[in-house]
Amino acid sequence: MSISTSADAYDYLFKIIIIGDSGVGKSSILLRYARNEFYRETKPTIGVELATNFMTIDSKRIKTAIWDTAGQERFKAASHLYYRNSLAAFIVYDITNYNSFRNVTKWLTELRENVNGDINVTLVGNKKDIRHLRAVTTEEAKEFAQNENLEFIETSALESENIELAFKNLIEKTYFTLIQKKTETQPNQQRPARVNMIMHSDFTLKEPEKKVECCKLI
Ligand SMILES: Nc1nc2c(ncn2[C@@H]2O[C@H](COP(=O)(O)OP(=O)(O)OP(=O)(O)O)[C@@H](O)[C@H]2O)c(=O)[nH]1
């Protein structure tokens, strides 16, 4: 049963967070996904930026709230509030900055300390367009992800490569994890058949002071 009958009605609400060092491209990834825009000049995130969208899986309407926070320690939002109730996370590093990859361990620890139980996590190696400056090999990151039980993808917010796929895979995985948990606790319920995910166009990106209606995603 849906939560309400308005255009905002949904069956599930997913909170997804994006974490990682400052400058790795967290806001750029979100902006590319939400509005299909990219800026070479960006300002550090202060506090939290939030984007919401809707999609349908198995005839269920899923509202996704994606939280992007500051990587810089001095702008960092209160961790426990930021992490609270999140169902999935992206940990982003910059493939040209080995230190940002090394710090993934720190982000993973902070994430695991602040969430209840297991959540789906995707490790994202961003800026894959800057090939000549690559400092982290795909193999090393993939092996790390396997050892830590994370999904792994390399993206370019600049070239719009794998951004939509990263979100689609994480949201889909989160949904099926949730359904699996429900089936385990209510064994008589049939697991629903997998159907195509439909992405809706009603995507909004909310910045600290303004709210902008966004363009169609697909
Ligand atoms: N070449 C390239 N540059 C990128 C990419 N993604 C982001 N950038 C650039 O990297 C810089 C930092 O990007 P942001 O999105 O602000 O990084 P952030 O992780 O949100 O940083 P904080 O808000 O400080 O935590 C900007 O100059 C972006 O234009 C990418 O895929 N390729």
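Below is a short write-up of the structure. Keep in mind it's a predicted model, so treat the numbers as computed, not measured.

Attention now moves to the site of the ligand. Residues in contact with the ligand amount to 23 residues; listed here are only the nearest, Ser22, Lys26, Ser28, Tyr39 and Arg40. Val24 places a polar main-chain atom, nitrogen or oxygen, 3.3 Å from an oxygen atom of the ligand. Residue Lys127 places a side-chain N or O atom 3.0 Å away from an oxygen atom belonging to the ligand. With three residues, the single largest contributor to the shell around the ligand is helix α1 (residues 26-35). Among the residues making up the shell around the ligand, the classes are represented as eight nonpolar, ten polar and five charged.

Within strand β2 (residues 48-57), eight of the ten residues are buried, leaving the element largely enclosed by the surrounding structure. Bridge count between β2 and strand β3 (residues 60-69): ten bridges; the pairing is antiparallel. Within the sheet, the bridge partner assigned to Phe54 lies in β3 and is Lys63. Between β2 and β3, which pair antiparallel one after the other, the connecting turn spans two residues, and Asp58 there sits at a positive phi close to 55 degrees.

Residues Phe90, Phe167, Ile171 and Tyr175 are the most contacted members of the largest nonpolar core, which totals 28 residues. Considering every element that reaches this core, the biggest residue donor is helix α6 (residues 163-185), with eight residues. With 22 residues, the next largest nonpolar core counts Ile91, Val136, Phe144 and Leu150 among its residues.

You can see Ile95 is positioned in the loop between β4 (88-94) and α3 (98-102). For Ile95, a relative accessible area of 0% translates into the label buried. It is 14 Å that separates the C-alpha atoms of Ile95 and Ile29, two residues lying 66 residues apart in sequence. Among residues more than four places away in sequence, those in contact with Ile95 are Gly125, Asn126, Lys127, Lys128, Ile130, Leu133, Arg134, Ala135, Val136 and Glu154.

The next subject is the side chain of Asp129. Inspection of the secondary structure assignment puts Asp129 in the loop between β5 (120-126) and α5 (138-147). This buried residue, Asp129, is left without a salt bridge; Arg40 holds the nearest opposite charge, at 6.0 Å. Of the polar contacts made by the side chain of Asp129, one reaches the side chain of Ser156; its length is 2.8 Å. With sequence-adjacent residues up to four places away left out, Asp129 is seen in contact with Ser156, Leu158 and Glu159.

When glycine is set aside, most residues are seen to have a negative phi, and most peptide bonds are trans. Backbone geometry at Ser160 places phi at a positive 60 degrees, although glycine is not the residue there. Its place among the elements puts Ser160 in the loop between β6 (151-154) and α6. Residue classification places Ser160 among the partly exposed residues on the basis of a relative accessible area of 36%. Phi at Asn162 takes a positive value of approximately 65 degrees, unusual for a residue other than glycine. Relative to the assigned elements, Asn162 resides in the loop between β6 and α6.

The rules behind the values
- Residues numbered from 1 in each chain as written.
- Predicted model: local features only at pLDDT ≥ 70, side-chain atom pairs only at ≥ 80, totals over all residues.
- Heavy atoms only, no water.
- Near = heavy atom within 4 Å.
- Polar contact = N/O pair within 3.5 Å; in protein donor to acceptor, adjacent residues only side chain to side chain.
- Helix = DSSP H or I, 4+ residues; strand = E, 2+ residues; numbered from the N terminus.
- Nonpolar A, V, L, I, M, F, W, Y, C, P; charged D, E, K, R; others polar.
- Buried < 20%, exposed > 50% of the residue type's maximum accessible area, 1.4 Å probe, protein only.
- Pairing = 2+ DSSP bridges.
- Core = buried A, V, L, I, M, F, W, Y, C linked by side-chain atoms within 4.5 Å.
- Contact = heavy atoms within 4.5 Å.
- Lys, Arg positive; Asp, Glu negative; His and termini not counted.
- Salt bridge = Lys/Arg side-chain N within 4 Å of Asp/Glu carboxyl O.

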